[in-house]
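Listed below are the residues making up each chain.
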Amino acid sequence: MVKKLHFLCFLGVLIFMSSGIKAQTYSGFDNYHTNREIQQLLKEFSSGNAKLHTIAESPGGEPITVLEIGANLSDVPAIFVGANFEGNVPLTTEGALYLAKMLLDSTAYTKDVKWYIMPQPNPDAAAVYFSGLKTGQSTNLFEMNNDADDQTGEDGPDDLNGDGMITQMRIKSLDGNYIVSDKDARLMKKADKQKGERGEYKVLTEGIDNDNDGKYNEDATGGINIGISFPHLFPYENKDAGLFAGQTPEVNGIMRFISDRPEIAMVYTLGTSNFCLVPPKGGRKGDANLERIKIPRRYVSMLNADASKTYTMEEAIELFKAVVPEGTDVTSALVASYLSLGPALNPLEDDLVFYKKYAEDYKKYLKAKDFSTETLDPTPAKNGSFELWAYYHLGVPSFSMQLFSVPKVKEEAKEEDDKEASDEKKKKAEKSDKKDELDEKDKALLAYSDDELDGAGFVAWTKVDHPDFEEVEVGGYVPYLETTPKADKIASLSATQLPWLLKLSKELPEFAIADKKITDLGGGIYKLEIYVANNGELPYPIAMGQRNGQPAPVILTLDGEVELLEGKLRTPVGAIGANQVKKYTWLIKAGKNKSITAGIESTVFTDVVEQIKIGG
């Protein structure tokens, strides 16, 4: 009942604050900001309790900066917020700035939590949105020779129709693979040979063969997309990721900055994935089969296992439970880590519990705000992304948020033409209707372009002159269509969704000594019992943190003029669930009226110190 009242009070404060903050922060959020304007805003923000860090310089010479809010705070947990890693989602940069302003305008979320906010980690790519030629580029200006010749950046896209945007070109060709869609003449589709369709066009990115090597637009200016250049599941096969994780200075600087700050307990990413709405996906295949586990010979005798047998994870957990100290929380993460079962490729089930819970809560929150989620699905987190690295490598809760997605087209209710038609006929009719429709994404993008942008989201096919082909037309969807609404939507989208991240910040683990008990056993011997509580709504560490040994452990300490007969002066608390209590016991020898100092020590969370009097 107390928790329910606490949540209701908090929700009331949140609603009050979000409405108040909305009024204060509308000014300045009616346009998209250039790199220079962003750095100027951050400098203006960095006064009093805020400090600006320059952590790297992009290959294009732009600073990578992080705004620290709560710079005068110490011994508190921190939250890191990164936005627009791929550089082509400018709305998320604005969202990060908006969030920073919300935090600066109120102390409700900065009294006992520090914030690190990085609005623009990929300024080289982000600058393209404001250039005379919009390409949707996600790579920075790191020199990469993608076509392995003696030049770099010599064959990028070219604006053949002079509209300031790079779209597509369709080339009339007998050996083409595409035809004009019979559902909407604006769209191209691959010819289906099984239906007797013959290709009539080749479809390429708008441009010419600048280096005369027979390839088109294969070596554009710029090199690395830092949004896919982090270590977890680094996509070696993707040339835009670079040769190795952290090759480019932006990624290197970000990882170094975070590793130097072990107090970071949670990470938020503003981009195109949305762990707030859709939990991280699993299903990746790896070398380790966690349902057919072979126990390494060096552990067979310790676990009383059979080296010739395979075990399920549940069976392996039972083997461990039989030999570990009483009270040890044996999880699949602990087993996988101890037995070195290979890198984690999928979110752990214990973590999906809180991801699913918060996803449902977020949907209810948005519904209460009358905010529609009937939009195109968010993009799953990409291999090598920042949000995956934060979860799998740092072992902390990693939440991502997509601030905008194109609305789905609402289907009108269809009246039944013939109520006496058989079920089989109905099914056939429905199947036929579905085939005659555009796919959901094209339908949504075209409707959005027509209804919201007066058709400006799609460039009509127009004939152009081309040095290599006779019949060429340029057209197609414009860059940034899917991710970047009109600037007048920035404030409302941010004010509605970002308070959810503030709510999540209140869910962090919080440690306390819930109770202590001294029992006199006689002869100056005492039994000391201390109950450690995690009063937060998240476990510590999360299951992935248990598996990879990150983040730093919480330690229960004792100090005083006593002799320990059983127990240790420094005891790792280990894994402790949300709203859970764990008991620790010592036998000590001490004179009466002595005091012992019990402490909860952590590099992540606020330390706790309590005096315990021994005897009467």
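One can find the structure itself at the top, above this paragraph.
Conventions used here
Note on numbering: residues in each chain are counted from 1, in written sequence order. Residues qualify for local features only when their pLDDT is at least 70, as the model is predicted, and side-chain atom pairs are given and counted only at 80 or more; totals for whole chains, interfaces and linings, by contrast, use all residues. Excluding hydrogens and water, the side-chain values take into account all heavy atoms of the structure. Put simply, DSSP H or I for four residues or longer makes a helix, DSSP E for two residues or longer makes a strand, and each gets a number counted from the N terminus. The criterion for strand pairing is that DSSP finds at least two bridges linking the strands in question. In these notes, a set of buried Ala, Val, Leu, Ile, Met, Phe, Trp, Tyr and Cys residues joined through side-chain atoms within 4.5 Å is what counts as a nonpolar core. Only protein chains enter the area calculation, which uses a 1.4 Å probe; residues under 20% of their type maximum are buried, those over 50% are exposed, and those in between are partly exposed. When checking whether two residues touch, look at their non-hydrogen atoms; a contact exists if any pair is within 4.5 Å. Surface patches are drawn from residues lacking salt bridges whose relative accessible area is over 30%; two like charges belong together within 9 Å, two nonpolar side chains (Val, Leu, Ile, Met, Phe, Trp, Tyr) within 5 Å. Exposure was quantified through the Shrake-Rupley algorithm and a 1.4 Å probe, taking into account, for residues, occlusion by the shown protein chains and nothing else. Throughout this description, the term salt bridge denotes a Lys or Arg side-chain nitrogen within 4 Å of a carboxyl oxygen of Asp or Glu. Fitting a line to C-alpha atoms yields each axis, with helices limited to the stretch in contact; the angle taken between N-to-C directions then spans 0 to 180 degrees. By the definition adopted for this analysis, an angle is roughly parallel if under 35 degrees, roughly antiparallel if over 145, roughly perpendicular if from 65 to 115, and oblique otherwise. Crossing chirality is assigned from the near helix's rotation relative to the far helix, an anticlockwise turn below a right angle marking it left-handed and a clockwise turn marking it right-handed.

Asks: Explain the environment of K517 to me, please; I cannot follow it from the model alone.
Replies: Along the chain, K517 falls in strand β15 (residues 511-522). Taking the C-alpha atoms as reference points, K517 and K527, separated by 10 residues in sequence, lie 8.0 Å from one another.

Asks: Before we go on, may I ask you to explain the pairing of β15 in this structure?
Replies: Each regular strand shows side chains that alternate between the opposite faces of the sheet. Sheet topology places β15 next to strand β16 (residues 525-534); 10 bridges connect them, and they run antiparallel. Directly across from K517, in β16, lies its bridge partner E529. In this antiparallel pair of consecutive strands, β15 and β16, the connection spans two residues, and G523 shows a positive phi of 65°.

Asks: Just checking my understanding: could you explain the nonpolar core for this structure?
Replies: For soluble globular proteins, nonpolar side chains are generally found buried alongside one another. L99, W115, Y268, F399, M401, L498 and I530 are the most contacted members of the largest nonpolar core, which has 101 residues in total. Counting residues per element, this core draws most heavily on helix α3 (residues 90-105), at eight residues. In contact with I530, other than residues within four places in its own chain, are I513, D515, K516, L556, L558, K582, K583, Y584, W586, A598 and I612. Counting residues in hydrophobic clusters, the runner-up holds 23 residues, among them F80, Y116, M255 and V267.

Asks: Help me out: how do you make sense of a nonpolar patch on the surface in this one?
Replies: Among the surface-exposed residues, M302, V323 and Y338 lie close enough to one another that they form a single nonpolar patch of about 240 Å² accessible area. By the element assignment, Y338 lies in helix α8 (residues 332-338).

Asks: Whenever I open this one, the packing of α3 against helix α13 (residues 490-497) confuses me. Can you help?
Replies: Any two packed helices are characterised by how steeply their axes cross, that is the angle between the axes, and by the distance between the axes. In contact at an axis separation of 10 Å, α3 and α13 are set at 60° when each is read in the N-to-C sense. Taken together, α3 and α13 sit at an angle that is classed as oblique. Crossing angle aside, the handedness with which α3 passes α13 is right-handed. In this structure, α3 uses L91, E94, G95 and Y98 to contact α13, whose residues at the interface are I490, A491, L493, S494 and A495.

Asks: Just checking my understanding: could you explain helix α10 (residues 386-394) for this structure?
Replies: In an α-helix, one turn spans 3.6 residues, which is why side chains three or four residues apart end up on the same side. Of all the nine residues making up α10, eight are buried; the element is thus mostly covered by neighbouring parts of the structure. Those residues of α10 that fall on the buried side of the exposure criterion are F386, E387, L388, W389, A390, Y391, Y392 and L394. If you follow the buried residues of α10, they end up packed against β3 (78-83), α5 (249-259), β9 (264-270), α9 (349-368), β12 (398-401) and α15 (543-548). Once α10 finishes, G395 follows within two positions and takes phi at roughly 70°, a positive value.

Asks: I'm lost on the sheet that holds strand β22 (residues 608-614) in this one. Help?
Replies: Backbone-to-backbone hydrogen bonds join strands into a sheet, with any given pair of strands oriented parallel or antiparallel. In space, the four strands of this open sheet follow the order β19-β17-β21-β22, with antiparallel pairing throughout. Of all strands in the sheet, those with a lone pairing partner are β19 (570-572) and β22, marking the two edges. On average, each strand axis in the sheet is tilted by 20° relative to the strand beside it, whichever way the strands run.

Asks: Any chance you could explain the pairing of β22 here in plain terms?
Replies: Relative to β22, strand β21 (residues 594-601) runs antiparallel, the two being bridged by seven bridges. Bridge pairing in β22 places G599 opposite V609. From the end of β21 to the start of β22, which pair antiparallel, there are six residues.

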